[in-house]
Amino acid sequence: MIEGFHVGRHALREILVRAVESSKRIHRDLVKLLGDDKVSNIVTDLAVYSHDYTPINLHKILNLDLETIPCVVVWPESVQDVVEIVKYAYENHVPIYPYGGGSGVLRGFAPEHCGIVVDMKRMQSISLNEYDLTVAADAGVYGVILEQYLNYKGYTLGHIPQSLYESTVGGWIATRATGQFSTKYGGIEDLLLGIEVVVPPGRIVKLEPHPRTATGPDLRRLFIGSEGVLGIVTKATLKIAQFPEKRVKLSFATKTFEEAFEYTRLIIRRGVRPAVVRIYDRIETLRHFYWIRDVKDEPITIMVIEGPSSLVDAEADIVKGTFKGRELGEEPVDYWLRTRFVVKEASEYAALGFVFDTIEVAALWSRVVPLYREVIEAMKRVDGTLVASAHASHFYPQGACLYFTFGGLPRAGTTPYEYHRKVWEAAMDAVIRVGGTISHHHGVGRIRAPWLKAEIGDAGLELLQKLKRAIDDRGIMNPGNMGL
């Protein structure tokens, strides 16, 4: 295993140069295997691929405190290229870090031990099967490209994460992603029918798409949420739906956050599936809908119902008859649709020393409201916290996802990283205490790894570790991620 690098603020250039020096042999070997247009070890490329979108990384970049740097970046163009890369890494004990859009927010991608970054974005093929209602896409296809292509053909995937413009098909599977329209269309685990993965020592595992299969444990599921620690996803076959014929947009104001939850619970349990449901607490209502004059102290709920016209009309009638809040019309929904991909706040405030992050969790209905209260109070108790808020954004007959936001200024003598860690500790401990799950759709990464055992238990973690060793016996696949 190659010794890791740690980039400090006083020696950034020197250590980047060292990384380049140490990577010369790997670079030379990979150029022989793949060709020089698919391999790079120039300093700017190594710096770009040293981190993902994790918000605390903004402080590391601004303070030149980056802790990670790869040795080489490669851009495979075929599954055979990926096989050759994995074979080389296995034979030479070199770590591999799969890379999609780099939009992860939990340091699931962090080349701690130098190694090879495998950027999948040159694998871009898309194949539509209109009769079977499926689409096969290479791992490197951007989400927005896939969705626009399907829309042009009269279909939708219905998988619209906030990272749609940055994330890729392979990244969605690796992180067990879900999208803003998930209450109707489901998460990536509901859409995946077939998968192709390259695992150590360089073998292709190909699981064909079927509407359902009972051939033992479903190996597809093994790779959903595996975060690059078992193999590299190269292709997936996904379910698609016909582009919605009609869309109805509704919004409501309620006296309390809890009241909105109860109306939504009653709607979902009746079998109605709005594509989008988002309930904002008072602080997030003020943050997102400050321009609506008369609802500043009332939580707002927005909904999008879409599909065949007759079904949409029937579902809208049930929603209006069940949700007792004050109707606000389409304007709040239109505003959300226009701004839903804007994520500039973290980068705007980091330069001022402000630490900002989000934490998504989930729980059964009976625990959702206690979970909201406990996590908000836990985050507020951390010295330096200036704001702690939440909205709910994914709903099921049995429960819902809560998406928390916190921000604060570290007190004198406290680093941004210490403050950030304390808030995460407070929030995760509260989730475990209430009985929620520590992650709904962002995954585990290196940030949540300390709490994985508390959620899945000793036996569960031991099984996961055994699976990791059985598939990746030399520990080359994203070592350290998820604590594995």
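Being a predicted model, the structure only gives us computed values, none of them experimental. (Residues numbered from 1 in each chain as written. Predicted model: local features only at pLDDT ≥ 70, side-chain atom pairs only at ≥ 80, totals over all residues. Heavy atoms only, no water.)

K.L.:
Could you clarify how one ought to interpret the overall build of the protein chain in this entry?
P.N.:
Secondary structure assignment for the protein chain yields 18 helices and 18 strands. In terms of overall size, the protein chain behaves like a compact globule, its C-alpha atoms giving a radius of gyration of 23 Å where 484 residues would be expected to give roughly 23 Å. Counting only C-alpha atoms and orienting by the principal axes, one finds that the protein chain spans roughly 65 × 65 × 40 Å. Each of the 484 residues in the protein chain was classed as buried or not, and the buried ones make up 57%. Considering only contacts within the protein chain whose residues lie at least 6 apart along the sequence, 73% involve residues at least 24 apart. Between the centroid of the 57 positive side chains of the protein chain and the centroid of its 59 negative side chains there is a distance of 2 Å. (Helix = DSSP H or I, 4+ residues; strand = E, 2+ residues; numbered from the N terminus. Rg over C-alpha atoms; globule rule 2.2 N^0.38 Å. Buried < 20%, exposed > 50% of the residue type's maximum accessible area, 1.4 Å probe, protein only. Contact = heavy atoms within 4.5 Å. Lys, Arg positive; Asp, Glu negative; His and termini not counted. Charge placed at Lys NZ, Arg CZ, Asp CG, Glu CD.)

K.L.:
Even after reading the chapter, I still don't get the packing of aromatic side chains, so can you show me in this structure?
P.N.:
Taken as a whole and assessed by the stated rule, the structure comprises 19 aromatic pairs. Seen in terms of ring centroids, Phe261 and Phe395 are 6.4 Å apart; in terms of plane orientation they differ by 50°. Their pairing is tilted. Of this pair, Phe261 sits in helix α11 (residues 257-269) while Phe395 sits in strand β17 (residues 385-396), and the two are 134 residues apart along the sequence. Residue Phe261 is classed as buried on the basis of its relative accessible area of 3%. What links up through ring pairs into an aromatic cluster is the set Phe257, Phe261, Trp365, Tyr372, Phe395 and Phe404. (Phe/Tyr/Trp six-rings, centres within 6.5 Å; stacked < 30°, edge-to-face > 60°.)

K.L.:
How should I be thinking about the sheet that holds strand β1 (residues 39-40) in this particular structure?
P.N.:
By way of backbone hydrogen bonds, the strands of a sheet pair with one another, either parallel or antiparallel. An order of β1-β2-β4-β3 is seen for the four strands of this open sheet, with the pairing classed as mixed. Each edge of the sheet is formed by a strand with only one pairing partner; in this case those strands are β1 and β3 (96-99). Inspection of the sheet shows strand β2 (residues 72-74) paired to strand β4 (residues 116-119) by three bridges, in the parallel sense. Residue pairing in the sheet places Val74 in a bridge with Val118 of β4. (Pairing = 2+ DSSP bridges.)

K.L.:
Looking at this structure, I do not really get the pairing of strand β18 (residues 399-408). What am I missing?
P.N.:
Side-chain direction in a regular strand flips from residue to residue, so the side chains alternate between the two faces of the sheet. Extensive coverage of β18 is indicated by the burial of ten of its ten residues. Pairing analysis gives ten bridges linking strand β16 (residues 355-364) to β18, with the strands arranged antiparallel. Residue pairing across strands places Val355 opposite Gly408, the latter belonging to β18. With ten bridges joining them, β17 and β18 adopt antiparallel strand pairing.

K.L.:
It is not clear to me how the pattern of salt bridges should be interpreted in this structure. Could you clarify?
P.N.:
Side-chain pairing between opposite charges can occur once the charged atoms of the two side chains come close. Inspection of the entire model under this criterion finds 28 salt bridges. For Glu306, the salt bridge identified is with Arg247, shortest N-O distance 2.9 Å. Remark: Arg247 occurs in strand β12 (residues 246-253) and Glu306 occurs in strand β14 (residues 300-307); sequence separation between them is 59 residues. Judged by relative accessible area, Glu306 falls into the buried class, the value being 3%. Here Arg421 and Glu425 are joined by a salt bridge, their closest N and O atoms 3.5 Å apart. You can see Arg421 and its partner Glu425 sitting in helix α17 (residues 416-434), four residues apart, about one turn around the helix. The class of Arg421 is partly exposed, set by a relative accessible area of 44%. (Salt bridge = Lys/Arg side-chain N within 4 Å of Asp/Glu carboxyl O.)

K.L.:
When you look at the packing of helix α16 (residues 365-381) against α17 in this model, what are you seeing that I'm missing?
P.N.:
Helix packing geometry: the angle between the two helix axes and the distance between the axes. Close contact between α16 and α17 brings their axes to 8 Å; oriented N to C, the two are set at 155°. On the basis of the axis angle, α16 is roughly antiparallel to α17. Crossing of α16 over α17 shows right-handed handedness. Across the interface between the two elements, Arg367, Pro370, Leu371, Glu374, Val375, Ala378, Met379 and Arg381 from α16 touch Val423, Ala426, Ala427, Ala430, Val431, Arg433 and Val434 from α17. Across the contact of α16 with α17, the residue classes tally to eleven nonpolar, no polar and four charged. (Axes fitted to C-alpha atoms, helices over the stretch in contact; angles between N-to-C directions. Parallel < 35°, antiparallel > 145°, perpendicular 65-115°, else oblique. Left-handed = near helix turned anticlockwise from the far one by under 90°. Nonpolar A, V, L, I, M, F, W, Y, C, P; charged D, E, K, R; others polar.)

K.L.:
Is there a simple way to think about the sheet that holds β14 in this case?
P.N.:
As summarised here, the arrangement of the seven strands in space is β15-β12-β14-β13-β17-β18-β16, forming an open sheet in which the pairing is antiparallel. Of all the strands in the sheet, the pair left with one neighbour each is β15 (326-327) and β16.

K.L.:
Would you mind going over the packing of helix α2 (residues 24-34) against helix α5 (residues 79-92) with me for this structure?
P.N.:
α5 packs onto α2 with a crossing angle of 145° between their chain directions and a minimal axis gap of 10 Å. Crossing of α2 against α5: the hand is right-handed. Contacts from Arg25, Ile26, Asp29, Leu30, Leu33 and Leu34 in α2 reach Asp81, Glu84, Ile85, Tyr88 and Asn92 in α5. When the residues that make up the contact of α2 with α5 are grouped by side-chain class, the tally is six nonpolar, one polar and four charged.

K.L.:
Whenever I open this one, the state of the cysteines confuses me. Can you help?
P.N.:
In a disulfide, the sulfur atoms of two cysteines are held together by a covalent bond. Scanning the entire structure with this criterion turns up one disulfide. Put simply, Cys71 and Cys114 are joined by a disulfide, and their sulfur atoms are 1.4 Å apart. Here the S-S torsion is close to 95°, and the disulfide linking Cys71 with Cys114 is therefore right-handed. Placement of the pair is Cys71 in the loop between α4 (56-62) and β2 and Cys114 in the loop between β3 and β4, with a sequence separation of 43 residues. Pair check on accessibility: Cys71 and Cys114 agree, each one buried. (Disulfide = S-S within 2.5 Å.)

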